[in-house]
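Structure assessment
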Amino acid sequence: MSESLYSSCAEVLSVCQAAKDDLAALLDPNTGFAPRLRQLCRDQITEAENSASSDVSQEELDVLRMEANTWGLLQAVMSARKTEPEPHVHPRTLLAKNPYTPTSTLAQAIMYLSVLLTELVVVREWLHETAPQPQHPEATTGYWKFTKHNVMQALRTGSGIREGLVKELDPDAMNRGDGRSLAADDAGFEKSLAQALYSFVRAGRLDEAVELCRKAHQPWRAASIRGSLLFQWRAIANEQRDDDGIDDAEDAEGWQGNPRRKLWKSTCARAALNPNLPDPERILYAALAPCPQTFSVLKSACRTWEDHLWAQISILCEEKQTADMIKLGGGFWDENMPSPPSQEEDSAEEEEWEKEATSTLETLGSVHVEDGPTADHAFHVSQLAIILDRTSSLLETFAGGLRDGNFDPGSSEYPTMTRFFAHLCLYLRNDRHSIILEAYLQVLEAAGQRELIAMYAGALGDNAVERYAMFLTSLELTADINERRLALTRAREHGLDVHKVAVVTAERTIDRAFELLPQMKGPLPSVIALQATPSDIELLLLRSIEWTTFEDGTHDTALEQATVILRYFLGAGRVSLAKNLVEMLPRELASIDQPEERATEYLHYRQFFTIWDSLDRVVECQSLEVSIMNRDTRAAWLSDHKGLIDQAYDAVVKLLTSDWMMPDETGDRRSRELTRIRQIYIPELILRLHVMLYASREHAPENLKRALELANIVADSRYKLYDDFLHIDGRRLGEYLNAVRRATIAGLEGGGSDPFKVILS
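Residues numbered from 1 in each chain as written. Predicted model: local features only at pLDDT ≥ 70, side-chain atom pairs only at ≥ 80, totals over all residues. Heavy atoms only, no water.

Attention now goes to helix α9 (residues 184-202). Structurally, the α-helix is built with 3.6 residues per turn, so residues lying three or four positions apart point the same way. Counted at 1.5 Å a residue, the expected span for α9 with its 19 residues is 27 Å, and the 27 Å between its end C-alpha atoms agrees. For α9, the set of buried residues is Asp-186, Phe-189, Glu-190, Leu-193, Ala-194, Ala-196, Leu-197, Tyr-198, Ser-199, Phe-200, Val-201 and Arg-202. Looking one or two residues beyond α9, the residue adopting positive phi is Gly-204, at roughly 70°. (Helix = DSSP H or I, 4+ residues; strand = E, 2+ residues; numbered from the N terminus. Expected span 1.5 Å × (residues − 1). Buried < 20%, exposed > 50% of the residue type's maximum accessible area, 1.4 Å probe, protein only.)

Further remarks concern the packing of aromatic side chains. Taken as a whole and assessed by the stated rule, the structure comprises 23 aromatic pairs. Considering the side-chain rings of Phe-608 and Trp-612, the 5.2 Å spacing of their centres and the 35° angle between planes classify their relative orientation as tilted. Of this pair, Phe-608 and Trp-612 are both found in helix α29 (residues 596-623), four residues apart, which corresponds to roughly one turn of the helix. For the pair shown, Phe-608 and Trp-612 are each scored as buried. Taken together, Phe-33, Trp-71, Phe-379, Phe-398, Phe-407, Phe-420, Phe-421 and Tyr-427 form an aromatic cluster joined through their ring pairs. (Phe/Tyr/Trp six-rings, centres within 6.5 Å; stacked < 30°, edge-to-face > 60°.)

For the rest of this paragraph, the subject is a negative patch on the surface. On the surface, Glu-507, Asp-511, Glu-515 and Glu-560 cluster together into a negatively charged patch. In terms of residue count, helix α25 (residues 498-516) provides more of the negative patch than any other element does, three residues in total. For Glu-560, the position within the fold is in helix α27 (residues 555-571). (Patch = residues over 30% accessible without salt bridge, like charges linked within 9 Å, V, L, I, M, F, W, Y side chains within 5 Å. Areas by Shrake-Rupley, 256 points an atom, 1.4 Å probe, with all protein chains shown as cover. Salt bridge = Lys/Arg side-chain N within 4 Å of Asp/Glu carboxyl O. Lys, Arg positive; Asp, Glu negative; His and termini not counted. Charge placed at Lys NZ, Arg CZ, Asp CG, Glu CD.)

Between side chains of opposite charge, a pair can form as their charged atoms come close. Tallied over the entire structure, the rule returns 42 salt bridges. Of the charged contacts, one joins Arg-390 and Glu-362 as a salt bridge, the two residues approaching to 2.6 Å between their closest N and O atoms. Taken as a pair, Arg-390 in the loop between α18 (378-387) and α19 (391-404) and Glu-362 in helix α17 (residues 343-362) lie far apart in primary sequence, 28 residues in all. By relative accessible area, which is 33% here, Arg-390 ends up partly exposed. Where Glu-396 meets Arg-403, a salt bridge forms, and the shortest distance between an N and an O atom there is 3.0 Å. On the basis of relative accessible area, Glu-396 is assigned to the partly exposed category, the value being 38%. If you follow the salt bridges from partner to partner, you end up with Arg-567, Glu-597, Glu-601, Arg-669, Arg-670 and Glu-673 in one network.

Tracing the chain through its elements places Val-201 in helix α9. For Val-201, a relative accessible area of 6% corresponds to the buried category. Between the C-alpha atom of Val-201 and that of Leu-284, which follows or precedes it by 83 residues, the distance is 8.0 Å. Not counting residues up to four positions away in its chain, the partners in contact with Val-201 are His-128, Leu-206, Leu-284, Ala-287, Leu-288 and Trp-310. (Contact = heavy atoms within 4.5 Å.)

Glancing now at the nonpolar core. Leu-361, Tyr-456 and Tyr-468 are the most contacted members of the largest nonpolar core, which totals 140 residues. When residues no more than four places from it in sequence are discounted, the contact partners of Tyr-468 are Ile-453, Ala-454, Ala-457, Ala-487, Arg-490, Ala-491, Leu-496 and Val-501. (Core = buried A, V, L, I, M, F, W, Y, C linked by side-chain atoms within 4.5 Å.)

Once that is clear, we can look at the state of the cysteines. Per the counting criterion, the structure on display carries zero disulfides. Among the cysteines around Cys-9, which has no disulfide bond, Cys-41 carries the closest sulfur, lying 6.6 Å off. For Cys-9, a relative accessible area of 2% translates into the label buried. (Disulfide = S-S within 2.5 Å.)

A separate point is unusual backbone geometry. Leave glycine aside and you will find that most residues have negative phi; peptide bonds, for their part, are mostly trans. Note the cis peptide between Gln-594 and Pro-595, where omega equals -5°. Inspection of the secondary structure puts Pro-595 in the loop between α28 (575-584) and α29. A positive phi is found at Asp-389, a non-glycine position, where the angle reads about 60°. With respect to the helices, strands and loops of the structure, Asp-389 is situated in the loop between α18 and α19. In the Ramachandran plot, Glu-476 falls in the positive-phi region, its phi being about 50° despite a non-glycine side chain. Mapping Glu-476 onto the fold places it in the loop between α23 (464-475) and α24 (481-493). Assessed through its relative accessible area of 27%, Glu-476 is described here as partly exposed.

In this section: the confidence of the model for the protein chain. It should be kept in mind that the predicted coordinates are not to be read in detail where pLDDT is low. For the protein chain, per-residue confidence averages 86 on the pLDDT scale, and 92% of positions sit at 70 or higher. Mean pLDDT values for the elements of the protein chain range from 51 in helix α12 (residues 246-252) up to 96 in α27. (pLDDT = per-residue confidence, 0-100.)

Moving on to helix α14 (residues 279-288). With nine of its ten residues buried, α14 lies for the most part within the structure. Buried within α14 we find Pro-280, Glu-281, Arg-282, Ile-283, Leu-284, Tyr-285, Ala-286, Ala-287 and Leu-288. Looking at the buried residues of α14, the elements they touch are α9, α10 (206-215), α11 (219-226), α13 (261-272), α15 (295-299) and α16 (305-328).

What describes two packed helices is the angle between their axes and the distance between those same axes. It is at 8 Å that the axes of helix α3 (residues 33-50) and helix α4 (residues 58-82) come closest, and there the two elements cross at 160°. Classified by the interaxial angle, the pair formed by α3 and α4 is roughly antiparallel. Seen along the crossing, α3 lies across α4 with a hand that is left-handed. Contact residues: Phe-33, Ala-34, Pro-35, Leu-37, Arg-38, Cys-41, Arg-42, Gln-44, Ile-45, Ala-48 and Glu-49 in α3; Leu-61, Leu-64, Arg-65, Glu-67, Ala-68, Trp-71, Gly-72 and Gln-75 in α4. Tallied by class, residues from the contact of α3 with α4 come to eleven nonpolar, three polar and five charged. (Axes fitted to C-alpha atoms, helices over the stretch in contact; angles between N-to-C directions. Parallel < 35°, antiparallel > 145°, perpendicular 65-115°, else oblique. Left-handed = near helix turned anticlockwise from the far one by under 90°. Nonpolar A, V, L, I, M, F, W, Y, C, P; charged D, E, K, R; others polar.)

Among the structural elements, Ala-272 can be located in helix α13. By relative accessible area, Ala-272 is classed as buried at 0%. Along the chain, Ala-272 and Gly-448 lie 176 residues apart, while their C-alpha atoms are 57 Å from each other. Setting aside residues no more than four positions away along its own chain, Ala-272 makes contact with Arg-282, Tyr-285, Ala-286, Thr-294 and Val-297.

Attention shifts here to the packing of α11 against α14. It is the contact of α11 with α14, at a shortest axis distance of 10 Å, that shows an interaxial angle of 35°. When α11 is examined against α14, the residues Trp-220, Arg-221, Ser-224 and Ile-225 are found in contact with a partner set consisting of Glu-281, Leu-284, Tyr-285 and Leu-288. Across the contact of α11 with α14, the residue classes tally to five nonpolar, one polar and two charged.

Of note, Gln-321 is situated in helix α16. Here the side chain of Gln-321 touches Ala-107 through a polar contact of 3.4 Å, landing on its backbone oxygen. Non-local contacts of Gln-321, meaning those with residues more than four positions away in its chain, are made with Ala-107, Ile-110, Met-111 and Leu-117. (Polar contact = N/O pair within 3.5 Å; in protein donor to acceptor, adjacent residues only side chain to side chain.)

Written as structure tokens, this is what we have:
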């Protein structure tokens with residue numbers, strides 16, 4: 001399917017959604033929803049047929065053509081179904097006022113009296129419009145010129161008429177039962193002419209068929225075709241006249257049509273049933289005057305499903321008009337008619353006819369087709385359901401097929417059918433089958449039409465937010481932050497609640513990541529080992545926070561989700577990822593003070609990473625020391641080094657002497673995660689600070705004293721820092737005591753035997 005068709009359909013939907021409350025605009029025959037989509041399909045067909053490099057198969061073109069026809073059918077029937085019909089005079093009233101009412105006026109009144117008949121007439125006109133282009137026989141320069149030449153030659157020479165050749169040139173010369181026929185060329189032309197005339201009748205183009213007969217020098221055949229026209233004489237009909245004078249000019253020409261159509265129809269039926277006539281002739285007469293008696297003849301010419309539909313509807317319309325005309329008593333132009341029935345009989349007979357007509361049309365669901373798509377093709381099933389006004393059950397069937405997995409998403413027709421049914425749901429405003437729209441969203445995703453998802457998701461009603469969030473979740477890492485922001489902007493443009501979309505998307509992404517990530521339990525991780533490269537799932541969890549950071553209205557949720565993700569990363573020893581997350585968060589999150597527990601936890605994370613950075617800066621500064629430095633350079637370096645150590649020391653001690661990440665006594669998941677974080681990072685901070693102070697004793701002797709004093713803080717029962725050393729897989733308390741022992745020994749390096757000398761000095 002052309003990618004431009006997706007966007008073009010979306011443009012049509014956008015235009016029509018703006019006028020969704022204007023029924024007249026939606027049903028406009030040129031600019032309405034269905035006509036626009038029909039034109040899009042036709043444009044695609046024209047483009048593919050005119051393009052030498054097109055890779056669209058004939059099968060795909062046929063499907064597009066059927067879709068275009070289906071939209072045309074919807075436009076034809078929905079206008080009548082969705083609008084109030086204009087009041088019309090009952091045909092019995094017309095006859096009571098004017099017994100000379102022409103049959104065309106009565107036929108029009110009969111049609112308006114029956115809703116089903118009106119729709120069938122509309123469907124028949126649609127079938128005429130979508131019929132194949134009529135055939136044109138080869139041009140001829142005269143009437144049976146080859147036969148005429150042979151006959152005239154025989155008469156001039158006196159040699160006698162060739163055996164088997166007709167003796168006369170009148171239209172019935174071949175039908176006298178003597179077995180004579182036309183010259184081969186004329187017989188071939190007669191056959192092609194009859195077939196061409198049938199194709200014009202099939203397309204409802206009677207005027208052109210009449211003109212073709214005249215060009216073929218057969219005016220008698222033109223007259224027989226014009227016999228199908230109903231008798232019309234506006235001068236004696238009780239009809240409204242226009243004020244522009246046009247009607248008066250037409251009335252002056254007298255009557256038109258066939259005042260003896262009943263006789264003409266019976267003659268056509270006899271001709272269609274006459275086995276002595278050539279088959280093309282019989283088919284032509286069966287098409288001109290369709291009736292149950294000639295159905296078998298007409299059916300023999302039906303090659304496609306549309307042909308069978310046209311034949312059945314033509315018979316239904318003709319028989320209904322005839323039956324109702326008989327019930328009316330016929331009027332002046334039809335003789336020997338029975339007296340008209342009562343209104344009660346009218347109603348009962350109408351209901352019975354509707355049942356019979358429906359039953360007849362239902363047989364088309366399994367009719368055998370010679371050419372083209374079969375009766376069970378999705379578009380033929382759809383067209384029949386539209387004609388029978390069963391669109392709700394049609395959508396239910398398709399939705400059920402999607403639920404049951406009966407359709408192959410990889411088939412060439414799947415995108416087309418899903419697109420059609422999705423737009424049919426929108427056209428009919430049927431929101432009970434959201435699975436159809438969801439399937440089309442998947443088609444759009446597969447086609448890379450991400451910018452269109454929000455528009456169609458917005459049509460899902462209560463499920464719109466969930467479905468669009470599902471799409472955004474599926475983007476995973478393929479969309480950068482700008483694309484994600486744009487996706488939320490589209491949600492707002494199409495009436496979705498942006499805040500809900502952002503929150504649901506973030507929640508879905510976090511849930512998906514946690515399903516795939518290992519659970520945070522077991523041995524405590526090492527944070528001094530080389531950190532592994534983040535996996536895609538870890539990056540997905542990290543970037544899940546982006547969705548709730550775009551809008552101020554979702555910052556509360558962003559803070560909640562950030563604390564959950566930070567607990568996981570820190571509990572898993574992924575310090576770098578946790579630090580990246582904090583750096584991604586908006587500054588405004590620090591000003592949120594409710595709920596207090598969450599706000600305090602977030603401030604503790606910021607405090608931790610400030611300390612972590614200060615310890616890293618000490619290491620960086622220490623690495624700048626070289627053996628060859630001049631006095632000023634060394635003095636500057638010492639000053640910087642000492643200042644960084646002082647900052648780190650003050651910050652770490654402040655953290656250790658506060659209730660940093662102190663869990664409550666509920667024992668819930670959050671409390672367990674906070675306990676794990678303390679068991680990982682409290683010992684780590686203490687050991688790192690101790691080692692830093694111990695290593696800098698040569699440049700700042702007072703730092704050795706600080707290192708030993710740190711042990712007093714660790715041993716202080718007010719802070720209970722020693723409890724955080726007790727995890728079996730963490731940094732053991734013995735490891736720290738060994739470091740304190742080395743510091744104590746280092747205090748004796750200057751001489752003496754008093755281990756408390758350093759502290760007391």
